[in-house]
Amino acid sequence: MENEYVCEQNETHQNAAMQIISKMPEDNLMSGLAELFKIFGDFTRLKILFVLMESDMCVCHIAQVLNMQQSAISHQLRILKQARLVKYRKEGKTVIYSLADSHIKNVFSQALEHVSE
């Protein structure tokens, strides 16, 4: 089967290539971006992020909303904290989780909008 996407131009687009290369993020940043997308690649973590977009909550309430065990929610929250996607605060003995910053909501919302098209 013939590949219809083969480029037949033999000339190098040196200026365009150099511009792209100069804008390319460093490998460590690209690696961090890949890790972020891995974190977003888990169904349960996405559901937790959606819950926290709507309201700050403790583990037991997140577990109740998602009809899951608290231990499973805690495990995923630990991963989300390590990735700096969620943060927490203590209110007495209760730990309340929230999104780390508005970037998380923006990324999530834009991705959701994209898949909804």
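This structure is a prediction, so every number in the text was calculated from the model and none was measured.

Caption draft 1: Structural detail: the side chain of Thr44. Among the secondary structure elements, Thr44 is positioned in helix H3 (residues 43-54). If near-sequence neighbours (up to four positions away) are discounted, Thr44 is found in contact with Met68 and Gln76.

Caption draft 2: Representation of a nonpolar patch on the surface within the structure. A cluster of nonpolar side chains, contributed by Ile20, Met24, Met30, Leu33 and Phe37, occupies part of the molecular surface with about 490 Å² of accessible area. Looking at the element boundaries, Phe37 is found in helix H2 (residues 27-40).

Caption draft 3: The nonpolar core, seen in detail. Counting 22 residues, the largest nonpolar core has Ile48, Leu49, Leu52, Ile62, Ile73, Leu77 and Leu80 as the members making the most contacts within it. Looking at this core, the elements with two or more residues in it are H2, H3, helix H4 (59-66), helix H5 (70-82), strand E3 (94-99) and helix H6 (102-116). The leading source of residues in this core is H3, at five residues. With sequence-adjacent residues up to four places away left out, Ile73 is seen in contact with Ile48, Val59, Ile62, Ala63, Leu66 and Met68.

Caption draft 4: The sheet that holds E3, seen in detail. In spatial order, the strands read E1-E3-E2; together these three strands make up an open sheet with antiparallel pairing. Sheet topology places strand E1 (57-58) and strand E2 (86-91) at the edges, where each strand pairs with a single neighbour. Judged from the two bridges that link them, E1 and E3 form a sheet pairing that is antiparallel. Within E3, the residue paired with Met57 across the bridge is Tyr97.

Caption draft 5: Spatial organisation of the side chain of Arg45. For Arg45, the location among the structural elements is in helix H3. For Arg45, the contacting residues outside a window of four places in its chain are Lys38, Ile39, Gln76, Ile79 and Leu80.

Caption draft 6: View of the pairing of E2. Relative to E3, E2 runs antiparallel, the two sharing six bridges. Bridging from a neighbouring strand, Arg89 pairs with Ile96 of E3. Taken together, E2 and the strand that follows it, E3, pair antiparallel across an intervening segment of two residues, in which Gly92 is found at a positive phi of about 70 degrees.

Caption draft 7: Structural view of unusual backbone geometry. In the Ramachandran plot, Asn67 falls in the positive-phi region, its phi being about 55 degrees despite a non-glycine side chain. By the secondary structure assignment, Asn67 is in the loop between H4 and H5. By relative accessible area, Asn67 is classed as exposed at 71%. Phi is positive for Arg84, close to 60 degrees, though the residue is something other than glycine. When you line up the elements, Arg84 lands in the loop between H5 and E2. Looking at Arg84, the relative accessible area reads 67%, which means it is exposed.

Parameters and conventions
- Residues numbered from 1 in each chain as written.
- Predicted model: local features only at pLDDT ≥ 70, side-chain atom pairs only at ≥ 80, totals over all residues.
- Heavy atoms only, no water.
- Helix = DSSP H or I, 4+ residues; strand = E, 2+ residues; numbered from the N terminus.
- Contact = heavy atoms within 4.5 Å.
- Patch = residues over 30% accessible without salt bridge, like charges linked within 9 Å, V, L, I, M, F, W, Y side chains within 5 Å.
- Areas by Shrake-Rupley, 256 points an atom, 1.4 Å probe, with all protein chains shown as cover.
- Salt bridge = Lys/Arg side-chain N within 4 Å of Asp/Glu carboxyl O.
- Core = buried A, V, L, I, M, F, W, Y, C linked by side-chain atoms within 4.5 Å.
- Buried < 20%, exposed > 50% of the residue type's maximum accessible area, 1.4 Å probe, protein only.
- Pairing = 2+ DSSP bridges.

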